[in-house]
Amino acid sequence: MSHPIRSIGFIGIGNMGWPMAARLVGAGFAVAVSDAVPGRAQKFVAEVGGSDQDIADADAIVTILPTSTQVAEVIAGLRASLRPGMVVIEMSSGQPSATQAIAADLAGLGIAMVDAPVSGGVARAVTGELAIMAGGEESALDRVDPVLRAMGTTITRVGPVGAGQAMKALNNLVSAAGYLIGIEALLMGQRFGLDPALMVDVLNSSTGMTNSSQKKFRQFVLSRGFDSGFGLDLMVKDLTIAMQLGRETGTPAPFAALCREMWAAAATSLGPGQDHTAVARLSEHLAGTELASPQVNRRG
């Protein structure tokens, strides 16, 4: 029987990884952190705790990195020092087929792998209230459950390894589509003469309510802050993964394809380093109208 996980090597302490690793430290796990950005691991240790040594000595390795290619490179670099009985928890919004290939390789070493991407953004990462979509064998998921519950309040087992990432990509597809149509509705309403902040209130009490209407339109668009903490490039990556799932499953998805192309066009037009909420600027440009409301103070 596998022993409980007490020590964790956490790789990738970016916008999401930092508060997630902090939750694990707070839950009493021995956490060693690593990041490609020089000095970031040391900064985490100084401010939060844990250590920046001996990642491969842990019971479990957590990865949360921008792409599956980077995850594969990191695991390949650790491969010689990984031990049978360890478990790898891949929490990136990655490519399911790539994760399945890594899992198959690790299985030959006696190492289990689960994928457990998250939803909820930085705010819910800080409070430990993330939604986590987990894929993998039941025995491995049972073992990592206390780790996941230190970071999230909703842990949903969705299938074998790779299934969590498939679900995450499809979740973000739905979210991205809802965001775009909501922005277009706000623009139409404002040009008609409606206050977009009032429109958001109506949406939130009506059937048009979405996560974007609840947590993004006032907070990041009407305020002109565009600083939710989730990058536009990462959303395009997730939508590209969703479209790949469509191709691999032979599923016609014309609306999804248009949605992905709109987000990709925004990323190209706006340039690198943009928050995903800034995609609204593309729709504003097309309409020749900037969303604004006297009810919401501008921060931008």
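Structure: see above.
Residues numbered from 1 in each chain as written. Predicted model: local features only at pLDDT ≥ 70, side-chain atom pairs only at ≥ 80, totals over all residues. Heavy atoms only, no water.

Some details on the pairing of strand 4 (residues 87-90)
The two faces of the sheet receive side chains in turn, since in a regular strand these alternate between them. Residues V87 and I89 line one face of strand 4 and the alternating positions V88 and E90 line the opposite face, and both faces are buried. The sheet contact formed by strand 3 (residues 60-63) and strand 4 spans four bridges and is parallel. Of the residues in strand 4, the one forming a bridge with I61 is V88. One crossover worth recording links strand 3 to the parallel strand 4 by way of helix 3 (residues 68-78), and it is right-handed. Pairing geometry for strand 4 and strand 5 (residues 112-115), over four bridges, is parallel. (Buried < 20%, exposed > 50% of the residue type's maximum accessible area, 1.4 Å probe, protein only. Helix = DSSP H or I, 4+ residues; strand = E, 2+ residues; numbered from the N terminus. Pairing = 2+ DSSP bridges. Right-handed = clockwise from strand over helix to strand, strands pointing away.)

Side note on the packing of aromatic side chains
A full pass over the atoms with the stated rule returns three aromatic pairs. Between Y179 and F217, the ring centres sit 5.4 Å apart and the planes meet at 55°, which makes this aromatic pair tilted. Of this pair, Y179 sits in helix 7 (residues 163-192) while F217 sits in helix 10 (residues 217-222), and the two are 38 residues apart along the sequence. Judged by its relative accessible area of 1%, Y179 is buried. Connected via pairs of aromatic rings, a cluster forms that spans Y179, F217 and W263. (Phe/Tyr/Trp six-rings, centres within 6.5 Å; stacked < 30°, edge-to-face > 60°.)

Some remarks on the pattern of salt bridges
One pass over the structure, following the stated rule, counts 12 salt bridges. One salt bridge in this structure joins R260 and E261, with 2.9 Å as the shortest N-O distance. Connected through salt bridges with shared partners, the residues R224, E284, E290 and R298 form a single ionic network. (Salt bridge = Lys/Arg side-chain N within 4 Å of Asp/Glu carboxyl O.)

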